[in-house]
Amino acid sequence: MIVASLGIISIIFAILGKLSPYHQSRELKLHDDRQRSAVPNSKPPSPLWLFYSTAMQQGPDAVPSLSGKILVAGWFFFCLVIVATYTANLAVFLTVKSFAKGIDSLDGLAAQTETVYGTVKDTSIVDYFQESPVIVYQKMYKYMISTDGALLNNVEEATSRVQERTRGDYVFIWDEPSLQYIASREPCKSQVVGRPFNPLTYALALPHGMPYRSNFSSAILKMRESGTVEHLLAKWLEAGNCDDTNSAKDLTDAEEVRLSDMLGVFLILAAAVGGSIVLAIAERLWWNGKKRLNRAKADKSEILPNSGTQ
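Conventions and cut-offs
Residues numbered from 1 in each chain as written. Predicted model: local features only at pLDDT ≥ 70, side-chain atom pairs only at ≥ 80, totals over all residues. Heavy atoms only, no water. Axes fitted to C-alpha atoms, helices over the stretch in contact; angles between N-to-C directions. Helix = DSSP H or I, 4+ residues; strand = E, 2+ residues; numbered from the N terminus. Parallel < 35°, antiparallel > 145°, perpendicular 65-115°, else oblique. Left-handed = near helix turned anticlockwise from the far one by under 90°. Contact = heavy atoms within 4.5 Å. Nonpolar A, V, L, I, M, F, W, Y, C, P; charged D, E, K, R; others polar. pLDDT = per-residue confidence, 0-100. Phe/Tyr/Trp six-rings, centres within 6.5 Å; stacked < 30°, edge-to-face > 60°. Buried < 20%, exposed > 50% of the residue type's maximum accessible area, 1.4 Å probe, protein only. Core = buried A, V, L, I, M, F, W, Y, C linked by side-chain atoms within 4.5 Å. Polar contact = N/O pair within 3.5 Å; in protein donor to acceptor, adjacent residues only side chain to side chain. Arc of directions from axis to C-beta.

### Quick look at the packing of helix α5 (residues 124-131) against helix α6 (residues 135-146)
Taken N-terminus to C-terminus, the directions of α5 and α6 make an angle of 125 degrees; their axes are 7 Å apart at the nearest point. Between α5 and α6, the angle falls in the class oblique. Note on packing geometry: the crossing formed by α5 with α6 is left-handed. In this structure, α5 contributes Val126, Tyr128, Phe129 and Gln130 to the contact, and α6 contributes Tyr137, Gln138, Met140, Tyr141 and Met144. Considering only residue class, the contact of α5 with α6 consists of seven nonpolar, two polar and no charged.

Set out below in structure tokens:
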């Protein structure tokens with residue numbers, strides 16, 4: 001689309017060169033503090049080279065006509081916005097790729113210092129890191145208790161921080177089923193990475209010596225064998241509003257710039273094209289009218305010589 005715009009604008013600039021008489025002026029005045037000179041038979045710059053150099057932010061060449069200057073100004077603003085948008089999105093793309101590639105496990109999380117990570121304070125997960133003999137887990141525990149904002153008050157606060165703050169600002173460590181549930185629900189601004197560590201199973205706590213203990217155990221086994229447990233997991237964890245392609249859309253798709261998002265820039269460029277064409281027509285009419293007026297004045301000023309006496 002950008003290349004097509006370059007070609008279209010170059011063609012319109014060439015048309016302005018034929019339409020506006022000031023665009024093909026034979027004299028290009030050069031102003032200097034010491035002297036003023038004229039370059040005879042100067043030609044306007046090549047349209048394709050002019051707009052290509054502008055796109056490369058090299059600055060436009062001298063444009064004689066006012067209509068051409070308006071067109072070049074509109075193209076210059078267009079290139080400025082396009083280049084700035086591309087640069088910003090390229091930086092975001094590289095940041096996301098680096099984040100996704102570098103943090104895919106607890107080891108990768110512990111090896112970096114840019115992203116804050118933690119969990120809910122005073123929970124079994126904190127105790128697990130504190131009591132674990134694994135060196136990496138001990139390092140993570142020391143980091144979490146010594147870093148402000150690493151240990152939060154509850155799951156809701158941690159979820160809000162993951163979803164509402166800047167990309168990569170916080171990594172929440174919690175039970176996998178709960179994280180899967182959160183990631184599969186709106187606003188789809190989080191994702192679960194890495195493999196589970198310290199896997200545990202949920203259980204129903206019953207009073208000691210309760211006679212229904214064996215009945216509960218048998219019912220749970222039958223639910224597993226019949227696939228009821230898997231069905232419930234799929235219902236509550238997998239059948240959310242976010243699928244695998246958009247479960248982290250705030251990290252990827254939300255930053256993608258579509259053509260419709262740049263509509264305003266193209267409208268400004270179109271307005272510059274329309275304004276330059278209208279002004280070129282006005283310049284042509286003004287030139288022709290001025291030319292006819294000068295010719296009429298010249299005709300009136302002609303003095304025919306008297307023939308004298310015979």
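### Concerning the confidence of the model for the protein chain
On average, residues of the protein chain carry a pLDDT of 75, and 70% of them reach 70 or more. Taken together, the stretch residues 26-42 has pLDDT below 50 and engages in 18 contacts with residues farther than four places along the chain or on a different chain. The low-confidence segment residues 245-255, where pLDDT is below 50, has 27 contacts with residues more than four positions distant or belonging to other chains.

### Points about the packing of aromatic side chains
Evaluated as defined, the whole model comprises nine aromatic pairs. Arranged with centres 5.7 Å apart and planes meeting at 50 degrees, the rings of Tyr128 and Tyr137 form a pair that is tilted. Under the relative-accessibility criterion, Tyr137 is labelled buried at 13%. Each residue in the set Tyr128, Phe129, Tyr137 and Phe197 is aromatic and connected to the rest through ring pairs, giving one cluster.

### Overview of the nonpolar core
Core analysis: the biggest nonpolar cluster contains 24 residues, and Leu109, Tyr117, Phe129, Met140, Phe172 and Ile173 have the highest contact counts within it. Put simply, the parts of the chain that give this core at least two residues each are α4 (106-111), β3 (116-118), α5, α6 and β4 (170-172). When residues in this core are grouped by element, the largest group, five residues, is from α6. Residues contacting Tyr117, with those up to four places away along its chain left out, are Leu109, Ala110, Gln112, Met140, Tyr143, Met144, Ala150, Tyr170, Val171 and Ile173. Within the second largest apolar cluster, 17 residues are counted, among which are Ile12, Trp75, Val265 and Ala280.

### A few points about the side chain of Ser184
Position of Ser184 among the secondary structure elements: in the loop between α8 (176-183) and α9 (213-226). Judged by its relative accessible area of 6%, Ser184 is buried. There is a polar contact of 3.1 Å between the side chain of Ser184 and the backbone oxygen of Gln180. A polar side-chain atom of Ser184 sits 2.8 Å from a polar atom in the side chain of Arg185.

### Observations regarding the environment of Leu206
Assignment of secondary structure puts Leu206 in the loop between α8 and α9. Aside from chain neighbours lying at most four places away, what touches Leu206 is Arg213 and Phe216.

### Some remarks on α8
Every buried residue belonging to α8 is among Leu179, Ile182 and Ala183, and all of these are buried. Projected onto a plane normal to the axis of α8, the buried residues spread over an arc of 95 degrees and lie on a single side. Structurally, α8 contributes buried residues whose contacts are with α7 (155-164) and β4.

### What to know about unusual backbone geometry
The residue after Glu186, namely Pro187, is reached through a cis peptide bond having omega 10 degrees. Tracing the chain through its elements places Pro187 in the loop between α8 and α9. Here the phi dihedral of Cys188 falls at roughly 60 degrees; this positive angle occurs in a residue that is not glycine. Cys188 sits in the buried class, given a relative accessible area of 1%. The phi angle at Asn198 is positive, at roughly 50 degrees, despite the residue not being glycine.

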